[in-house]
Every structure is written in structure tokens, then in C-alpha cells.
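Understanding the architecture of this molecule
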Amino acid sequence: MIRCIRLWTGDDGNSRFEEGIIDLPKGERGDILSGTVNVVSISFRETRAGGAFEWHDAPARQFVITLSGTLDFQTRTAGTGHSWKLVDENPWRRAYVILRPGAEAPFVANSPGSSPS
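Right, let's walk through the structure included here. These numbers come from a predicted model, not from an experiment.

In this section: the sheet that holds strand β2 (residues 15-22). Pairing is antiparallel across the open sheet formed by 3 strands, whose spatial order is β1-β2-β11. Taken across any chain shown, the strands that pair with only one partner, and hence form the sheet edges, are β1 (2-9) and β11 (107-109). Between one strand and the next, the sheet's axes are offset by a mean angle of 50 degrees, whatever the strand orientation. Sheet topology note: the β2/β11 ladder contains 3 bridges and is antiparallel. Residue pairing in the sheet places I21 in a bridge with V108 of β11.

Now the structure itself:
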């Protein structure tokens, strides 16, 4: 199971988020895997320890896949955007995967009252 947080702007212009998982319905050789996702590009980024980024909107519909690092991620309940700051002595290494418009993301929301393992 791969834990995932979905973040988006609602019809009212306010930030929304929900916890869930990446759907892994298929399997072979003892593995479980998702279907393919139609993407435009992938890029990688590293921010050194102590880094932060003030309130901003995502530039595109994307996956941000953390490879290493720990951060405090915040959303607003009124207004759009999110911010983050690193909370330990390690850099944040991540991959940005830009989804093609209309692409289906294999996200499954947790049922109310549940939390991912």
C-alpha cells in the first residue's frame, strides 16, 4: 500500500485534501502494481535541510513523490495554496510527475474514520 495525500482547489476556491492510497489492483510474480498513468514529464528536485516555500499553488496537476526527507506541509481552509518547510537535518528529494490533461490518477480515498497503515 502506498500512502497518498490528494490536494486540490474546490469549486469555492478553497484548498481541500484527503488521505488515501495509490490503487494497486494488479499483480504478477508476487508484486502488486497500478495501471499506467498518462503523463507529460518527470523531473527531480532536491532542497537542502532547512528549506521552505511560502504559500503557492501547484503549477500543474501532478504527483509529487517524496524520495527522502521530512516536511511539514500546510493547506489553508480559506483561500488556495499550500506551504511547506523541512523539519529535520535531511534534504528533501522528490520527483515531479506532470499528468497529461484528463489523465486518471490511481488514487483511492480512505473511508471516513480510517487511516492508512
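For the largest pocket, the calculated volume is near 1,800 Å³. Elements that contribute at least two residues to the lining of the largest pocket include exactly β1, β2, β5 (39-47), β6 (52-56), β7 (62-68), β8 (71-75), β9 (82-86) and β10 (92-99). With 8 residues, β1 is the largest single contributor of residues to the lining of the largest pocket. In terms of residue class, the lining of the largest pocket is made up of 28 nonpolar, 14 polar and 7 charged.

About the thresholds
- Residues numbered from 1 in each chain as written.
- Predicted model: local features only at pLDDT ≥ 70, side-chain atom pairs only at ≥ 80, totals over all residues.
- Heavy atoms only, no water.
- Pairing = 2+ DSSP bridges.
- Helix = DSSP H or I, 4+ residues; strand = E, 2+ residues; numbered from the N terminus.
- Axes fitted to C-alpha atoms, helices over the stretch in contact; angles between N-to-C directions.
- 1 Å grid on protein atoms, 1.4 Å probe; cavity = no way out; pocket = protein on both sides within 12 Å on 5 of 7 lines; lining within 4 Å.
- Points joined across faces, edges and corners; volume = space filled by probe spheres on them.
- Nonpolar A, V, L, I, M, F, W, Y, C, P; charged D, E, K, R; others polar.

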